[in-house]
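# Observations on chain architecture
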Amino acid sequence: MSDSEPPLQVWCAGKDWCALSSTATLIGKKWHPVIVARLLEQGPLGFNRLQEAVDGISSKVLSDSLEDLEEKRLVERTVVSEKPFRVEYALTEHGASLEPVVDAMREWGTEYLAPAEDKESSIA
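Conventions we followed
- Residues numbered from 1 in each chain as written.
- Predicted model: local features only at pLDDT ≥ 70, side-chain atom pairs only at ≥ 80, totals over all residues.
- Heavy atoms only, no water.
- Helix = DSSP H or I, 4+ residues; strand = E, 2+ residues; numbered from the N terminus.
- Buried < 20%, exposed > 50% of the residue type's maximum accessible area, 1.4 Å probe, protein only.
- Contact = heavy atoms within 4.5 Å.
- Areas by Shrake-Rupley, 256 points an atom, 1.4 Å probe, with all protein chains shown as cover.
- Lys, Arg positive; Asp, Glu negative; His and termini not counted.
- Charge placed at Lys NZ, Arg CZ, Asp CG, Glu CD.
- Core = buried A, V, L, I, M, F, W, Y, C linked by side-chain atoms within 4.5 Å.
- Expected span 1.5 Å × (residues − 1).
- Arc of directions from axis to C-beta.
- Salt bridge = Lys/Arg side-chain N within 4 Å of Asp/Glu carboxyl O.
- Phe/Tyr/Trp six-rings, centres within 6.5 Å; stacked < 30°, edge-to-face > 60°.

### Description of the overall build of the protein chain
Secondary structure assignment for the protein chain yields 6 helices and 3 strands. What you see in the protein chain, going N to C, is helices and strands ordered as α-α-β-α-α-β-β-α-α. When its C-alpha atoms are laid out on the principal axes, the protein chain stretches across 45 × 40 × 20 Å. Residues classed as buried in the protein chain amount to 30% of the 124 residues present. For the protein chain, restricting intrachain contacts to residue pairs at least 6 apart in sequence, the fraction spanning at least 24 positions comes to 50%. Of the roughly 8800 Å² of accessible surface on the protein chain, 53% is carried by carbon and sulfur atoms. Separation between the mean location of the 13 positive side-chain charges and that of the 22 negative ones in the protein chain comes to 6 Å.

Right under this line is the structure:
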């Protein structure tokens with residue numbers, strides 16, 4: 001870990017399961033790892049470009065997800081221009097350090113998951 005960003009605070013520090021559980025909580029929502037992956041792949045993006053990159057996400061869900069990731073100090077929002085108003089989203093140092101986690105999730109999913117045959121049996 002770098003000296004420039006202090007560690008993220010967790011309520012369960014000191015418990016042997018805390019690191020795993022806390023990391024899962026940070027990126028455990030449906031779209032969080034996809035947003036992190038797209039920002040890792042493409043670098044900072046404006047809201048509309050990020051929504052295009054995260055195929056299938058609604059504006060409301062993307063907005064809520066970005067707000068949550070900002071609160072968790074994984075994503076930062078920068079106002080690029082006032083007129084017209086434009087913002088850009090980028091990973092913080094903490095967010096960028098999730099790259100091996102996201103890569104491992106992608107590799108595991110590619111190897112062990114298959115498309116559901118019908119909607120009833122799909123993973124929620």
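The discussion continues.
### Brief notes about the side chain of K72
Within the secondary structure, K72 is located in the loop between α4 (59–71) and β2 (75–82). Residue contacts for K72: discarding those within four places in its chain leaves L8, T25, L26 and H32.

### Let's talk about the nonpolar core
Most often, soluble globular proteins have nonpolar side chains that are buried together. Counting residues in each nonpolar core, the largest one holds 21 residues, and the members touching the most others are I35, L39, L50, L66 and V75. Mapped by element, the contributors of at least two residues to this core are α2 (32–42), α3 (47–53), α4 and β3 (85–91). Counting residues per element, this core draws most heavily on α2, which supplies 4 residues.

### A look at α4
When the terminal C-alpha atoms of α4 are compared, their 18 Å separation across 13 residues agrees well with the 18 Å that a helix rising 1.5 Å per residue should span. The set of residues buried in α4 consists of L62, S65, L66, D68 and L69. All buried residues of α4 project into a common sector of 160 degrees when viewed along the axis, lining one side. Of the exposed residues in α4, the ones pointing more than 90 degrees away from its buried face are K60 and E71. Contacts made by the buried residues of α4 are with α1 (18–27), α2, α3, β2 and β3. Looking one or two residues past α4, R73 carries a phi angle of roughly 65 degrees, positive in sign.

### Things to note about the pattern of salt bridges
If you walk through the whole model with that rule in mind, you get 7 salt bridges. R106 is the partner of E41 in a salt bridge, and the nearest nitrogen-oxygen pair spans 3.1 Å. With E41 in helix α2 and R106 in helix α6 (residues 99–112), this residue pair connects regions lying 65 residues apart in the sequence. As a salt-bridge pair, E88 and R86 come within 4.0 Å of each other at their nearest N and O atoms. Classification of E88 as partly exposed rests on a relative accessible area of 26%. One salt-bridge network, in which partners are shared between bridges, spans R38, E41, D103 and R106.

### Re the packing of aromatic side chains
One pass over the full model with this rule turns up 1 aromatic pair. Consider the rings of W108 and Y112, whose centres lie 5.3 Å apart with planes at 35 degrees: the pair is tilted. Of this pair, W108 and Y112 both sit in helix α6, 4 residues apart, which is roughly one turn of the helix. Given a relative accessible area of 52%, Y112 falls into the exposed group.

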